[in-house]
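What follows is each chain in one-letter form.
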Amino acid sequence: MSTQKPLSISQLAHRLDGEASEVWAVHDRALDMQANGEDVILLCVGDPDFPTPEPIFYQALAAMKRDRTHYSPAQGELGLREAVAELESKTSPHPCAADDIVIFPGGTNALYSVFSCICDVGDEVVVPDPMYVGYCGVFDAVGVKTVPVALRADANFALDMDAMKAAITDKTKAVIVNTPGNPCGNMISAAELAELAAYTRERGVWLISDEVYSMITFKQRHVSLRAAAEALDNVIMVDGLSKSHAMSGWRVGWVVAPQSLVPHLTHLAGASVFGCPQFIQDAAAFALRHDDYYVAQMRDEYKKRRDFLVARINAMAGVSAESPDAGMFVMMRTDGVASSGQAFAERLLDEAGVSVVPGAGFGDVTANYVRITLAQPVSVLTKAMDRMANMLAEDATRTAV
Ligand SMILES: Cc1ncc(COP(=O)(O)O)c(C=O)c1O
């Protein structure tokens, strides 16, 4: 008989069992259908469809040729941290130094590192609902309890400041906001950010802002939390290049944090990542300093797609969409034609071969919505909207008979 002791896995690993699988069920089914040769249009993922701008690619290549292929400091290469600090100093009245920044392989890892450094298992984090689905994995891994606060669906998903404040209790360790927001493209005003920063500071609560869509705005310029807040000692900002620079696969993100937190983030980066690739950080620093032209070009294209999509949706009976101020998605309301966003997404895939994300995956507030990506050209969006319009028109004919 074997005397081997049973092997076990950690509570952290268990907390991630089944993570986010339901949210992506429609998308996964669409991928299976596509693999079986079916004609499916994928409108789920927020991965820019543009290639990374060529000059950035050549910078990485040149850096590799210069032998920038070795270990790098845990906090991040000074050159990239200086480029981020320049950007932050330009967009905020508060000066930012390279020493206030820690580089991570992407915004997700940056967020995971932030929550790991400030929270213990069981701590509460206040988060607007709906929220980016990627937060679920981060929160589950760290073991925090989330306290969702509904965004105001009747006001194009504006923040409900009174409800945010009411949700903050003695158990609250941190509040996270996402501006511009995924999935709703909502932007939080400077006044609101300042108010929340002052309130959380007084309550001894960290305030984190995820600003990865800061450069994809259509109406007014983004205001960062660091620009709006009067004092920065409880303020943490996360940003990266995945969206704005079409560099999702390069995995570049960063945290701008108070000096009280920077050494802890650096220690964690050292223990987990042990330095991001040098040549990628060199290319990222170049990208940040030379992005005027191509970031604007991509932003203009997303705006064109947004306007197209919103107009097409609102021309159909039973569905509607407000025009998002920023970001890479349009939220479409489905309660005029389906019992839930989930039911609509399932049907749209089955009957029209178009896959979108059911809104319930982002939070209760968007259960009657689906999320449609702007990361597809107008030609593809046209085809998808034609198919959806046909499906809904057939419904109308059936009802009329
Ligand atoms: C709101 C938000 N934050 C963070 C991320 C993570 O981005 P990345 O890890 O690619 O930097 C995403 C990606 O979709 C996002 O939508």
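Structure shown above.
Remember, it's a predicted structure, so these values are computed and weren't measured experimentally. (Residues numbered from 1 in each chain as written. Predicted model: local features only at pLDDT ≥ 70, side-chain atom pairs only at ≥ 80, totals over all residues. Heavy atoms only, no water.)

**Student:** Looking at this structure, I do not really get the nonpolar core. What am I missing?
**Tutor:** Most often, soluble globular proteins keep nonpolar side chains buried together rather than apart. Core analysis: the largest hydrophobic core is formed by 73 residues, its most contacted members being Trp254, Leu288, Ile313, Phe344, Ile372 and Met388. Among the elements that make up this core, the one with the highest residue count is helix H11 (residues 278–289) (8 residues). Every residue in contact with Met388, bar those within four places of it in the chain, is listed here: Met316, Val319, Met332, Phe344 and Leu348. Val102, Met131, Val144 and Val255 belong to the second largest nonpolar core, which has 28 residues in total. (Core = buried A, V, L, I, M, F, W, Y, C linked by side-chain atoms within 4.5 Å. Buried < 20%, exposed > 50% of the residue type's maximum accessible area, 1.4 Å probe, protein only. Helix = DSSP H or I, 4+ residues; strand = E, 2+ residues; numbered from the N terminus. Contact = heavy atoms within 4.5 Å.)

**Student:** Help me understand the pairing of strand S7 (residues 235–240) in this model?
**Tutor:** Each regular strand carries side chains that alternate between the two faces of the sheet. When you tally the buried positions in S7, you get 6 out of 6 residues, the bulk of the element. Residues Val235, Met237 and Asp239 of S7 are buried on one face, and the alternating residues Ile236, Val238 and Gly240, pointing to the opposite face, are buried as well. As defined by bridge partners, strand S6 (residues 206–210) adjoins S7 across 4 bridges and the pair is classed as parallel. When the bridges of S7 are listed, Leu207 appears paired with Val235. Where S7 and strand S8 (residues 253–256) come together, 4 bridges link them in antiparallel fashion. Counterpart to Asp239 in the pairing with S8 is Trp254. (Pairing = 2+ DSSP bridges.)

**Student:** Would you mind going over the site of the ligand with me for this structure?
**Tutor:** In the region of the ligand, the neighbouring residues are Gly106, Gly107, Thr108, Tyr132, Asn178, Asn182, Asp210, Val212, Tyr213, Ser242, Lys243 and Arg251. Contact between the ligand and Arg251: an oxygen atom at 2.8 Å from a side-chain N or O atom of the residue. A molecule is said to occupy a pocket when more than half its atoms come within 2 Å of that pocket's grid points, and by this definition the ligand occupies the second largest pocket. Split into classes, the residues belonging to the shell around the ligand amount to 3 nonpolar, 6 polar and 3 charged. (Near = heavy atom within 4 Å. Polar contact = N/O pair within 3.5 Å; in protein donor to acceptor, adjacent residues only side chain to side chain. 1 Å grid on protein atoms, 1.4 Å probe; cavity = no way out; pocket = protein on both sides within 12 Å on 5 of 7 lines; lining within 4 Å. Sits in = over half its atoms within 2 Å of the grid points. Nonpolar A, V, L, I, M, F, W, Y, C, P; charged D, E, K, R; others polar.)

**Student:** Where do I start with the packing of aromatic side chains in this structure?
**Tutor:** The way to describe two aromatic rings as a pair is by their centre distance and the angle between their planes. Scanning the model with the defined rule gives 8 aromatic pairs in all. With a centroid separation of 5.3 Å and an interplanar angle of 75 degrees, the aromatic rings of Tyr71 and Phe274 are classed as edge-to-face. Of this pair, Tyr71 sits in the loop between helix H3 (54–65) and helix H4 (78–90) while Phe274 sits in the loop between helix H10 (262–272) and H11, and the two are 203 residues apart along the sequence. Phe274 shares its class with Tyr71; the two are exposed. Arranged with centres 5.3 Å apart and planes meeting at 85 degrees, the rings of Tyr132 and Tyr135 form a pair that is edge-to-face. Here Tyr135 falls in the buried class, since its relative accessible area comes to 2%. In this structure an aromatic cluster arises from ring pairing among Phe115, Tyr132, Tyr135 and Phe139. One Lys or Arg, Arg371, reaches over the ring of Phe329 and ends 3.7 Å from the middle of that ring. (Phe/Tyr/Trp six-rings, centres within 6.5 Å; stacked < 30°, edge-to-face > 60°. Lys NZ or Arg CZ within 6 Å of the ring centre and 35° of its normal.)

**Student:** Whenever I open this one, the sheet that holds strand S12 (residues 357–358) confuses me. Can you help?
**Tutor:** Within a sheet, neighbouring strands are paired by backbone hydrogen bonds and run either parallel or antiparallel to one another. Read across the open sheet, the 4 strands follow the order S9-S10-S13-S12; overall the sheet is antiparallel. Every other strand in the sheet has two partners, leaving strand S9 (320–321) and S12 as the edge strands with one partner each. When S12 meets strand S13 (residues 369–373), the two strands line up antiparallel, connected through 2 bridges. From the neighbouring strand, Val357 faces S13, where its bridge partner is Arg371.

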